[in-house]
Amino acid sequence: MKKTLAAAVILTIAVAAVCAFSNRERTYSADIFALDTYISLQIRAGKNGGDILDECENRIKELERLFSHTIDESDISKINRHAGDGTFVPVSRETIEVLTLSKEIYTESDGAFDITVAPLVNLWNVTAENPRVPSDGEIQNIKALICGDDIIIDSAANSVRLRKSGQQISLGASAKGYITDELIRLLKERRITSAILNLGGNTAAVGTKPDGSLWRVGVQSPDDSAELLGVLSVSDKCVITSGDYERYFMQNGTRYHHIIDPKTGYPSQNSLRSVTVIGTNGAVADCLSTACFILGKDKSVPLLEKYGCCAIFCDSDMNTEYVGDVVLEK
Ligand code: ADP
Ligand code: MG
């Protein structure tokens, strides 16, 4: 009897050891091209790590199909197609959420952040093969269409319309942040406590590094993609940068980049080259990085404080200024 018991105990221990070994955590990573950008995901997980990354990739693509204005059947394309015809377009809960936040930041940033800027973004088309500076007349004509107040959201009925014909929205400045939050939520549901996500330069540090130390996130220099302005040590934070150095063209010594000031109709012109926002909510940090880039540091302070975010402002001399509690190790 004793022998049987001892054998059972040994067997139980052996099975437990095999299970523990086969479920030992390791690092899983995935590289994905979606949302018009390179995405890399790295998570620490047991043997289901590959499945979790597949879930993340599916979620990214699912949200891209809702949010992309270049996909005909997306919620955003449908809203754009019905601009000005009075139709309330039924959309997903996620689209309502990202539009509601985008409209809120429009109000809070005094119109600097405005997703109805899309027709101007198209006019400038800075990433075209032969981009050009539009005439001031063209710019002023289209600028008359830009108005975040014209996004009419019926959240009870999950439907949206744009007030005027010709208006369009694009989520270029907020979708990646929203999707980052969705991935973080998914990873937490799967009990992942260590992950680093990078969506086109927007980074989310989930938990800590596998050894328990803080994640170290480099902030790129606008002058040289191989150089860093410095490194942030973070945990459970999104680090999101807007800058003039990736999507732009040069003409007569002027840099025409992809962040348009809705008040002027031109790419925002101040001494800033990049703004990095650090916060716990990716969607908010994404909207704010764009808004603060246009507003400049002084006008950004109340906005950053309202949303509990910190920021790094980098000017054309590569001087950095900080709002909030930021430690950028040089
Ligand atoms: P990135 O997409 O490079 O990370 P941003 O988050 O700052 O950078 O988003 C820039 C994109 O947002 C532009 O390519 C354009 O589609 C859109 N955009 C440009 N100006 C504005 C603005 N004032 N408000 C909202 N969206 C904007
Ligand atoms: Mg942004």
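Everything numeric in this text was worked out from a predicted model, so none of it was measured.

Caption draft 1: Spotlight on the packing of helix α2 (residues 49–67) against helix α7 (residues 175–189). Between α2 and α7, the least distance of the axes is 10 Å, while the angle of their chain directions is 150°. By the angle class used here, α2 and α7 are roughly antiparallel. Relative to α7, α2 is oriented so that their crossing is right-handed. Along its contact with α2, which presents Ile52, Glu55, Cys56, Arg59, Ile60, Leu63 and Phe67, the element α7 presents Ala175, Tyr178, Ile179, Glu182, Leu183, Leu186 and Leu187. Residues of the contact of α2 with α7, tallied by class, amount to 11 nonpolar, no polar and three charged.

Caption draft 2: Region of interest: the pattern of salt bridges. A full pass over the atoms with the stated rule returns 22 salt bridges. The shortest N-O distance in the salt bridge between Asp150 and Arg163 comes to 2.8 Å. Of this pair, Asp150 sits in the loop between α6 (136–143) and β4 (151–154) while Arg163 sits in the loop between β5 (159–162) and α7, and the two are 13 residues apart along the sequence. One salt bridge in this structure joins Arg185 and Glu182, with 2.5 Å as the shortest N-O distance. Placement of both Arg185 and Glu182 in helix α7 is noted, with a separation of three residues, approximately one turn of the helix. On the accessibility criterion, Arg185 (42% relative accessible area) is partly exposed.

Caption draft 3: Quick peek at the packing of aromatic side chains. In total, this model carries five aromatic pairs according to the counting rule given. Taken together, a centroid distance of 5.5 Å and an interplanar angle of 25° make the contact between Trp124 and Tyr256 stacked. In this pair, Trp124 sits in helix α5 (residues 118–124) while Tyr256 sits in strand β12 (residues 254–257), placing the two residues 132 residues apart along the sequence. You can call Trp124 buried: its relative accessible area is 1%.

Caption draft 4: Representation of the site of ligand 1 within the structure. If you check the shell around ligand 1, you find 17 residues, and the closest are Ala112, Asp114, Ser242, Ile260 and Thr290. At a separation of 2.9 Å, a nitrogen atom of ligand 1 approaches a polar backbone atom of Asp114. Ser242 has a polar side-chain atom sitting 2.6 Å from an oxygen atom of ligand 1. Of the residues belonging to the shell around ligand 1, the class tally is nine nonpolar, five polar and three charged.

Caption draft 5: A look at unusual backbone geometry. The residue Asp36 is not glycine, and still its phi comes out positive at about 60°. Residue placement: Asp36 occurs in the loop between β1 (26–34) and β2 (37–45). With a phi angle near 45°, Asn252 is a residue other than glycine that sits in the positive phi range. Structurally, the position occupied by Asn252 is in the loop between β11 (248–251) and β12. Of the residues examined, Asn252 reaches a relative accessible area of 76% and is grouped as exposed.

Caption draft 6: Up close: the coordination of the magnesium ion (ligand 2). Only Ala173 (O), Asp286 (O), Asp286 (OD) and Thr290 (OG1) from the protein coordinate the magnesium ion (ligand 2), and they sit 2.2 to 2.7 Å from it. On the primary sequence, the residues serving as donors to the magnesium ion (ligand 2) are separated as A-x112-D-x3-T. Here Thr290 and Asp286 lie together in helix α8 (residues 282–295), a separation of four residues that amounts to about one turn. Residue classification places Thr290 among the buried residues on the basis of a relative accessible area of 12%.

Caption draft 7: Just the packing of α8 against helix α9 (residues 297–306), in detail. Contact pair α8 / α9: the axes reach a minimum separation of 7 Å and the direction vectors enclose 150°. Looking at the two axes, α8 sits roughly antiparallel to α9. Crossing handedness for the pair α8 and α9: right-handed. The segment α8 lies against α9, with Leu288, Ala291, Cys292 and Leu295 engaging Lys297, Lys299, Ser300, Leu303 and Leu304. When the residues that make up the contact of α8 with α9 are grouped by side-chain class, the tally is six nonpolar, one polar and two charged.

Parameters at a glance
Residues numbered from 1 in each chain as written. Chains lettered and ligands numbered in written order. Predicted model: local features only at pLDDT ≥ 70, side-chain atom pairs only at ≥ 80, totals over all residues. Heavy atoms only, no water. Axes fitted to C-alpha atoms, helices over the stretch in contact; angles between N-to-C directions. Helix = DSSP H or I, 4+ residues; strand = E, 2+ residues; numbered from the N terminus. Parallel < 35°, antiparallel > 145°, perpendicular 65-115°, else oblique. Left-handed = near helix turned anticlockwise from the far one by under 90°. Contact = heavy atoms within 4.5 Å. Nonpolar A, V, L, I, M, F, W, Y, C, P; charged D, E, K, R; others polar. Salt bridge = Lys/Arg side-chain N within 4 Å of Asp/Glu carboxyl O. Buried < 20%, exposed > 50% of the residue type's maximum accessible area, 1.4 Å probe, protein only. Phe/Tyr/Trp six-rings, centres within 6.5 Å; stacked < 30°, edge-to-face > 60°. Near = heavy atom within 4 Å. Polar contact = N/O pair within 3.5 Å; in protein donor to acceptor, adjacent residues only side chain to side chain. Donors = N, O, S within 2.8 Å, 3.2 Å for Na, K, Ca; no water.

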